[in-house]
Amino acid sequence: MTTTVESPSDTRAETPPRSAASLVDAVFRAREFSIAGALVLLVLGTYLANPRFLSDQGIKDLLLNASILVLLAVGQSAVVITRNIDLSVGSVVGLSAFACGKFVAGTDHGVLTVMLLGVAIGVVCGLVSGALVSFGRVPALVVTLGMLYIIQGVDYWWAQGDQIGAADVPDRILGFGSGSVGVIGIPYLPLIALVLLAATAYFLRGYRSGRELYAIGSNPEAALLAGVPIRRRILAAYAFSGAVAGFAGALWLARFGTVVADNAHGWELTVVSAVVVGGVAITGGTGTVWGAALGALLLTTIGSVLIVLKVDAFWQGAITGALLLLAIGVDRIVNLRMTAALRKRSARHGNGA
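Everything numeric here is computed off the predicted structure, so don't read it as measured data.

Colleague: Hey, could you go over the overall build of the protein chain for me, with residue numbers and the actual values?
Modeller: Helices and strands together make up the secondary structure of the protein chain, namely 14 helices and 2 strands. Within the protein chain, the proportion of its 353 residues that are buried is 44%. Partitioning the intrachain contacts of the protein chain with sequence separation of at least 6 by distance along the chain shows that 78% fall at a separation of at least 24. Element-wise, carbon and sulfur atoms account for 66% of the exposed surface of the protein chain, whose accessible area totals about 18000 Å².

Colleague: With reference to specific residues and values, describe the packing of aromatic side chains.
Modeller: Counted according to the given criterion, the structure contains 6 aromatic pairs. An aromatic cluster is present here, built from Tyr202, Phe203 and Tyr207 joined pairwise through their rings.

Colleague: Describe empty space enclosed by the protein, listing the residues and the values that go with them.
Modeller: In this structure the tally under the stated criterion is 1 cavity of 30 Å³ or more. Of the voids in this model, the largest cavity is the one considered here, and its volume is about 60 Å³. As for the largest cavity, its lining consists of Gly90, Ser91, Gly94, Leu95, Gln152, Asp155, Tyr156, Ala261, Asp262, Asn263, Ala264 and His265. Looking at the lining of the largest cavity, the elements with two or more residues in it are helix H4 (89-104) and helix H6 (140-159). Counting residues per element, the lining of the largest cavity draws most heavily on H4, at 4 residues. Of the residues assigned to the lining of the largest cavity, the class counts are 4 nonpolar, 6 polar and 2 charged.

Colleague: Residues and numbers for helix H9 (residues 208-218), please.
Modeller: Taken together, the buried positions of H9 are occupied by Gly210, Glu212, Leu213, Tyr214, Ile216 and Gly217. On its buried face, H9 is in contact with helix H3 (56-81), helix H8 (188-206), helix H10 (220-225) and helix H11 (230-256).

Colleague: I'd like a rundown of the packing of H8 against helix H13 (residues 289-308), residues and numbers included.
Modeller: Across the interface, H8 lies against H13 with an axial gap of 9 Å and an inter-helix angle of 150 degrees. With respect to H13, the element H8 is oriented roughly antiparallel. For the pair H8 and H13, contact is made by Leu194, Leu197, Ala198, Thr200, Ala201 and Leu204 and by Val289, Trp290 and Ala293, respectively. Of the residues contributing to the contact of H8 with H13, the split by class is 8 nonpolar, 1 polar and no charged.

Colleague: Kindly report on the pattern of salt bridges, identifying the contributing residues and their values.
Modeller: Applying the stated criterion to the full structure yields 3 salt bridges. Note that Lys102 and Asp162 form a salt bridge whose closest N and O atoms lie 3.4 Å from each other. You can see Lys102 sitting in helix H4 and its partner Asp162 sitting in the loop between H6 and helix H7 (171-178), a full 60 residues away along the chain. Exposure remark for Lys102: the relative accessible area of 35% places this residue in the partly exposed category. A salt bridge links Arg208 to Glu212; the nearest nitrogen and oxygen atoms lie 3.2 Å apart. With Arg208 and Glu212 both in helix H9, this residue pair falls 4 residues apart, about one helical turn. Since its relative accessible area comes to 7%, Glu212 is described here as buried.

Colleague: So what's going on with the side chain of Asp155? Which residues, and what values?
Modeller: Following the sequence through the fold, Asp155 ends up in helix H6. The residues contacting Asp155, other than those within four sequence positions of it, are Gly94, Leu95, Phe98 and Ala261.

Colleague: Account for the nonpolar core, with residues named and values stated.
Modeller: One finds Val70, Leu72, Val93, Val114, Val169, Leu251 and Leu253 to be the most contacted residues of the largest nonpolar core, which totals 82 residues. By residue number, the principal contributor to this core is H11, which donates 13 residues. Non-local contacts of Val169, meaning those with residues more than four positions away in its chain, are made with Val104, Ile164, Leu174, Leu253 and Gly257.

Reading the values: the criteria
- Residues numbered from 1 in each chain as written.
- Predicted model: local features only at pLDDT ≥ 70, side-chain atom pairs only at ≥ 80, totals over all residues.
- Heavy atoms only, no water.
- Helix = DSSP H or I, 4+ residues; strand = E, 2+ residues; numbered from the N terminus.
- Buried < 20%, exposed > 50% of the residue type's maximum accessible area, 1.4 Å probe, protein only.
- Contact = heavy atoms within 4.5 Å.
- Areas by Shrake-Rupley, 256 points an atom, 1.4 Å probe, with all protein chains shown as cover.
- Phe/Tyr/Trp six-rings, centres within 6.5 Å; stacked < 30°, edge-to-face > 60°.
- 1 Å grid on protein atoms, 1.4 Å probe; cavity = no way out; pocket = protein on both sides within 12 Å on 5 of 7 lines; lining within 4 Å.
- Points joined across faces, edges and corners; volume = space filled by probe spheres on them.
- Nonpolar A, V, L, I, M, F, W, Y, C, P; charged D, E, K, R; others polar.
- Axes fitted to C-alpha atoms, helices over the stretch in contact; angles between N-to-C directions.
- Parallel < 35°, antiparallel > 145°, perpendicular 65-115°, else oblique.
- Salt bridge = Lys/Arg side-chain N within 4 Å of Asp/Glu carboxyl O.
- Core = buried A, V, L, I, M, F, W, Y, C linked by side-chain atoms within 4.5 Å.

Next comes the structure, spelled out in structure tokens:
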């Protein structure tokens, strides 16, 4: 009888080295923590200069002001992760807000109807942009910049200098925009932004179709060879971004009541800045919606701080631009160092094998 003796397995071979994905996650977690730390320092510094900044009303205003930008940053992140961009989100917000205002003026329509209308308008705009980018293979910058001007033109033509006043909007819609929940009175809008943020983050990380967006942004050629439906995924990302922008337009109406044709004019670069400052690489493939939301919160907080400290509003744009350049520079440095570290790790693993 022959006995077969199994040799002990090589523990080193069974223990895989830290993956590239975990290294990337660690880098961007550090980036998000640094943004959160900067945000805390900014708030504390302003509080020391003016304690009323962190009053109950001050905190509510800060959250309300950030809610719409956070929503737009979440939608924009899905597009930027695929190595594309959507410059039409601000104009979609304006069109959706004005269309919803016209729809509800002098009526008793409910909140759900208005929100669905806003989402529908945004989805149509997103699908047009996404189809041209994914199936028409037109550069995203050209398509979305063209959509920006088209939508603005339609909005101005439709408005004809008119505006929707708060007196024309049903009370229950205005109440939703300014309402709150709980004993401490947390406004509805930040809660909505948080729910959408968490759901999007879970989808991007927990579902295959979400992870495929990262694969497209990291290496489109490899993603295509792996069988990823690139065109459909990019189209879906633009549709999602448009839906979020349209939804944000409906919330804009509920929040402010008064709507004109150029609402959210110029927000495109602010949204892109928030996303990039939050760690979503403009070259695609890396970053999280949590970081994008922190970037949006940081930018809106800076704007509020400048007002509290009575600093000229011009500096808000200058600071936003500086942060954008800094974030892009940091992304470039981090990517170069990460690539070098991964190559060294692969080389060591290859020699060890």
